[in-house]
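# A structural walkthrough
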Amino acid sequence: ETGVTQSPTHLIKTRGQQVTLRCSSQSGHNTVSWYQQALGQGPQFIFQYYREEENGRGNFPPRFSGLQFPNYSSELNVNALELDDSALYLCASSPAAGGGAWETQYFGPGTRLLVL
Amino acid sequence: AQSVTQLDSHVSVSEGTPVLLRCNYSSSYSPSLFWYVQHPNKGLQLLLKYTSAATLVKGINGFEAEFKKSETSFHLTKPSAHMSDAAEYFCVVINTGGFKTIFGAGTRLFVKA
């Protein structure tokens, strides 16, 4: 069974650019959540997707957007990059129907984004 | 509103001695609580979870945590630390039926030989 994978592993962008990060869910999982982890901090919830629809969102501006595909893989898009967007971006999948709290989230290794 | 406070940013123990990592939470609803561990350059791994069953929860690698509603606490313990336990630990809360996952700021555990 393949775990959660993310690509790319590292990325360098300049301020104002746009970036797309990708995540492949663990087999059988239909829910994907995205997190931003700044250096020395805990992950911050960005949003969650369930069956291709956004199921909930944290306190992130609209320039953070996402997609979930029929195979439950997902993308995180960030427009107009700012220096503060530099962070580790984590994707997590779970088998929860609608994001039930009782389900464990399985995390990918993350994509480290540096904005210059 | 829900929140998580990890009371110690760093904890240092000697190998073979007990570990205590403290977590307090605030939740308007019955929460589900989790502890995750993050080793350097590795993904987050679930240690254990509480979902309104037994208040004492046993996890992997000898860790356990006790849910105390009256104290709104969910402290993580291990009787005997091992060098391989050195990592960052996160306490996490999710409201039952909700989707928003709240992580604490993390506790860095150092284990001395």
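Right above here is the structure, for reference.
All of these numbers come straight from a predicted model, not from anything done at the bench.

Here we take up the pairing of strand β5 (residues 31–38) of chain B. Residue and element names in this part refer to chain B. Most of β5 sits inside the fold, with eight of its eight residues counted as buried. Of the two faces of β5, both are covered, the one formed by P31, L33, W35 and V37 as well as the one formed by S32, F34, Y36 and Q38. When β5 meets strand β10 (residues 87–95), the two strands line up antiparallel, connected through eight bridges. From the neighbouring strand, S32 faces β10, where its bridge partner is I94.

The subject of this paragraph is the interface of chain A and chain B. Each partner contributes residues to the interface: chain A has 24 residues there, and chain B has 21 residues. For the pair chain A and chain B, the summed buried surface comes to about 1,600 Å²; carbon and sulfur atoms form 56% of the total. Run the count over chain A and chain B and you get zero salt bridges. On inspection of chain A and its partner chain B, the count reaches five residue pairs in polar contact (both at pLDDT 80 or more). Elements that contribute at least two residues to the side of chain A that touches chain B include exactly β4 (31–37), β5 (44–50), β6 (53–57) and β9 (87–94) of chain A. At three residues, β6(A) tops the list of elements feeding residues into the side of chain A that touches chain B.

All names here are of chain A. For the structure shown, the criterion picks out two disulfides over all chains. At a sulfur-sulfur separation of 1.8 Å, the disulfide partner of C23 is C91. Its S-S torsion of approximately -55° makes the covalent link between C23 and C91 left-handed. Of this pair, C23 sits in strand β3 (residues 19–24) while C91 sits in strand β9, and the two are 68 residues apart along the sequence.

All names here are of chain A. Across the sheet, which stays open at both edges, the four strands sit in the order β1-β3-β8-β7 with antiparallel pairing between neighbours. Both outer strands of the open sheet, β1 (5–7) and β7 (64–68), are each paired with one neighbouring strand and no more. This sheet shows a mean twist of 20° between the axes of neighbouring strands, independent of strand direction. The pairing of β3 with strand β8 (residues 74–78) spans five bridges and is classified as antiparallel. Along β8, the bridge assignment pairs L21 with L76.

A cluster of nonpolar side chains, I12(A), L114(A) and L116(A), forms an exposed patch at the surface whose accessible area comes to about 300 Å². Relative to the helices and strands, L116(A) is located in the segment after β11 (111–115).

Within the secondary structure, S33(A) sits in strand β4. On the accessibility criterion, S33(A) (1% relative accessible area) is buried.

With that settled, the discussion passes to unusual backbone geometry. The omega torsion across S7(A) and P8(A) is -10°, close enough to zero to call that bond cis. As for its placement among the helices and strands, P8(A) is situated in the loop between β1 and β2 (10–13).

Another point: the packing of aromatic side chains. Following the criterion strictly, the structure yields 14 aromatic pairs over all chains and no others. Centroid distance F107(A) to F103(B): 6.1 Å. Interplanar angle 85°. Geometry classified as edge-to-face. With F107(A) in strand β10 (residues 106–107) and F103(B) in strand β11 (residues 101–103), this pair bridges two chains. Here F107(A) falls in the buried class, since its relative accessible area comes to 11%. Geometrically, the ring pair formed by Y50(B) and F74(B) is tilted, given 6.3 Å between the ring centres and 50° between the ring planes. Of this pair, Y50(B) sits in strand β6 (residues 44–50) while F74(B) sits in strand β9 (residues 73–78), and the two are 24 residues apart along the sequence. Through pairs of rings, three or more aromatic residues link up here, namely Y35(A), F45(A), F107(A), F34(B), Y36(B), F90(B) and F103(B).

All right, on to the pattern of salt bridges then. Residue and element names in this part refer to chain B. All chains considered together, the criterion is met by eight salt bridges over all chains. Of the charged contacts, one joins K78 and D85 as a salt bridge, the two residues approaching to 2.8 Å between their closest N and O atoms. The buried category is assigned to K78, whose relative accessible area is 11%. Looking at D85, the relative accessible area reads 4%, which means it is buried.

Definitions and limits used
Residues numbered from 1 in each chain as written. Chains lettered and ligands numbered in written order. Predicted model: local features only at pLDDT ≥ 70, side-chain atom pairs only at ≥ 80, totals over all residues. Heavy atoms only, no water. Buried < 20%, exposed > 50% of the residue type's maximum accessible area, 1.4 Å probe, protein only. Helix = DSSP H or I, 4+ residues; strand = E, 2+ residues; numbered from the N terminus. Pairing = 2+ DSSP bridges. Contact = heavy atoms within 4.5 Å. Buried area = accessible area lost by both parts, 1.4 Å probe. Salt bridge = Lys/Arg side-chain N within 4 Å of Asp/Glu carboxyl O. Polar contact = N/O pair within 3.5 Å; in protein donor to acceptor, adjacent residues only side chain to side chain. Disulfide = S-S within 2.5 Å. Axes fitted to C-alpha atoms, helices over the stretch in contact; angles between N-to-C directions. Patch = residues over 30% accessible without salt bridge, like charges linked within 9 Å, V, L, I, M, F, W, Y side chains within 5 Å. Areas by Shrake-Rupley, 256 points an atom, 1.4 Å probe, with all protein chains shown as cover. Phe/Tyr/Trp six-rings, centres within 6.5 Å; stacked < 30°, edge-to-face > 60°.

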